[in-house]
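Chain residues, written in single-letter form:
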Amino acid sequence: MEVLPESLQRLRGQVAIVTGASRGIGRAIALDLAAEGANVAVNYASSNTAADQVVAEIIAAGGDAIALSADVSKVDQVDALTTSVMEKWSRIDILVNNAGITRDTLLLRMKLEDWQAVIDLNLTGVFLCTKAASKIMLKQRSGRIINIASVAGQMGNPGQANYSAAKAGTIGFTKTIAKELASRGITVNAVAPGFITTDMTKDIKSDDILKYIPLGRYGLPEEVAGMVKFLAADAAAAYITGQVFNVDGGMVMA
Ligand code: NAP
C-alpha cells in the first residue's frame, strides 16, 4: 500500500474502526482508509499475526494503526474496543461493520448453534458496534457508518438461511439508524458485495456461480474497499444516507 501525500489525504486526522480487518475485505478496507490518512483500528477475533501484519504495512507506509482483538458479538468486548480507540485517538469518525462468518447448510440440517452464531456476529455485532461508536459520533455531531451486507440479504441463497437473515437484518438496521442519526450529521449506509475472492468463499467457487454474475468474474476485496472509501471519504457522500450499494458484478439489479 501507499499512503497518499498529506495534501491529498481526505481522511487526515480521522479515526476509523474496521471490524474483521485481519483478512479479506476488512483488510483491504483498513489499508484503503489508512492510505487516505485515517488512523485505523484493525479489529480481529483470533488472527493476531495477520492483524499485526496489516498494522505493520500501514505503519511502514507512513500511516498509523493499531490491532485490537475483540469478539464483536460480545458487548463487553465491543465496549473495551471503543474504549481502547478513544484512549489512543480520542475520537471515532468512521465505523465499518465488516466482521462476518458463514455456517452454511440447508434449513433442516441447520442447528440452532449455526443459526445463533451467525446472527450473533453478523447482526448483533453490527448493533453493538454501531451503538458504542454512535455514542461518540453523536457528541462529535459527525460520523460515517458503513455496514457490509451481502446480496444474500437481498435475493436469498439456499444454504444460507442464517446468513441471509442476518444480512437482510443489517439492511433494515442501516435504514433505521440512518433515519435516527441523520439530524446529527452521521450517515449510515450499507455495501452489498456479491461473490468476492476471500477465505470465506475459497471453498465454494464453481462455474455455476459465474453464470449468475453478468460481469463474468468474482470480485476483489479492493473493489468492495473502493466503495467503502467513497462512502467514508468523498465529499459527495455527505449527502448519501440509508442506501445500499451493490458491488456484485451485476448480480442484483434493482
Ligand atoms: P473473511 O475473509 O472470512 O474474514 C472475516 C474477518 O472477520 C476476519 O478478519 C475475522 O477475524 C473477522 N471475524 C470473525 N469472527 C469475528 C468476531 N467474532 N469478532 C471480530 N471479528 C471477527 O471474510 P470476508 O469474505 O472478508 O467477509 C467480510 C465481510 O463481507 C463479512 O461481513 C461477509 O459476510 C461480507 N461478505 C463477503 C462476501 C464474499 O464473497 N467474500 C460477499 C458478501 C458479503 P480473524 O482473522 O481473527 O478470524
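In what follows, the accompanying structure is described. (Residues numbered from 1 in each chain as written. Predicted model: local features only at pLDDT ≥ 70, side-chain atom pairs only at ≥ 80, totals over all residues. Heavy atoms only, no water.)

1. Regarding the overall build of the protein
The following threshold applies: For the purposes of this entry, the term helix denotes a DSSP run of H or I that reaches at least four residues, the term strand denotes a run of E that reaches at least two, and both are numbered from the N terminus. Using C-alpha atoms as the atom set, the radius of gyration is obtained and then compared with a globule rule of 2.2 Å times the number of residues to the power 0.38. Accessible area is worked out with a 1.4 Å probe on protein chains only. A residue is then buried under 20% of its type maximum, exposed over 50%, and partly exposed in between.
Counting its secondary structure elements, the protein contains eight helices and seven strands. Over its C-alpha atoms the protein spans a radius of gyration of 17 Å, differing by no more than 12% from the 18 Å that the globule rule assigns to 254 residues. Viewed in the frame of its principal axes, the protein has a C-alpha envelope of about 50 × 40 × 35 Å. Looking at the protein as a whole, 50% of its 254 residues qualify as buried.

2. Focus: the pairing of strand 7 (residues 244-247)
Stated precisely, the cut-off is as follows: Two strands form a pair only when DSSP identifies at least two bridges running between them.
Of the two faces of strand 7, the one lined by Phe245 and Val247 is fully buried and the one lined by Val244 and Asn246 carries no buried residue. Where strand 6 (residues 186-193) and strand 7 come together, four bridges link them in parallel fashion. Bridge assignment links Pro193 to a residue of strand 7, and that residue is Val247.

3. Some points on the packing of aromatic side chains
This is how the line gets drawn: Two rings from Phe, Tyr or Trp (for Trp, the six-membered ring) form a pair when their centres are within 6.5 Å of each other. A pair whose planes differ by under 30 degrees is stacked, one over 60 is edge-to-face, and the rest are tilted.
Using the criterion set out here, one finds one aromatic pair in the structure. Their ring planes at 40° and their centres at 4.8 Å tell us that Phe195 and Tyr218 sit as a pair that is tilted. Note that Phe195 is positioned in the loop between strand 6 and helix 7 (207-210) and Tyr218 in the loop between helix 7 and helix 8 (221-233), a separation of 23 residues in sequence. A relative accessible area of 16% means that Tyr218 is categorised as buried.

4. Observations concerning helix 2 (residues 48-60)
Where we set the bar: Working rule for helices: expected span equals 1.5 Å times residues minus one. Think of it as the arc spanned by the lines of direction from the helix axis to the C-beta atoms.
When the terminal C-alpha atoms of helix 2 are compared, their 18 Å separation across 13 residues agrees well with the 18 Å that a helix rising 1.5 Å per residue should span. Burial in helix 2 covers these residues: Ala50, Ala51, Val54, Val55 and Ile58. Projected onto a plane normal to the axis of helix 2, the buried residues spread over an arc of 140° and lie on a single side. Exposed positions of helix 2 whose direction lies more than 90 degrees from the buried face are Thr49, Gln53 and Ala60.

5. A look at the environment of Ile59
Within the secondary structure, Ile59 sits in helix 2. Using a relative accessible area of 45% as the deciding quantity, one classes Ile59 as partly exposed. With 12 residues separating them along the chain, Ile59 and Ser47 place their C-alpha atoms 19 Å apart.

6. Focus on the sheet that holds strand 5 (residues 143-148)
The line we're drawing: All axes here are fitted lines through C-alpha atoms, helices being fitted over the stretch that makes contact, and every angle between N-to-C directions spans 0 to 180 degrees. Contacts are assigned to residue pairs with any non-hydrogen atoms lying within 4.5 Å of each other.
Strand order in this open sheet of seven strands is 3-2-1-4-5-6-7, and the pairing throughout is parallel. The sheet is open, and its two borders are formed by strand 3 (64-69) and strand 7, each paired with just one other strand. Averaged over all neighbouring strand pairs, the angle between strand axes comes to 20°, with direction disregarded. Running over the sheet, helix 1 (residues 24-35) touches strand 1 (15-18), strand 2 (39-44), strand 4 (94-97), strand 5 and strand 6 and is turned about 170° from strand 1. Its contacts with the sheet put helix 2 on strand 2 and strand 3, and the angle it makes with strand 3 is roughly 170°.

7. Looking at the pairing of strand 4
Our working rule: Clockwise travel from the first strand over the helix to the second, with the strands pointing away from the viewer, marks a crossover as right-handed.
Side chains of strand 4 alternate between two faces, with Ile94 and Val96 and Leu95 and Asn97 buried alike. In this sheet, strand 5 lies alongside strand 4 in parallel orientation, the contact comprising four bridges. The residue of strand 5 that forms the bridge with Val96 is Ile146. As for the winding sense of the linkage, the β-α-β connection from strand 4 through helix 4 (residues 112-140) to strand 5 is right-handed.

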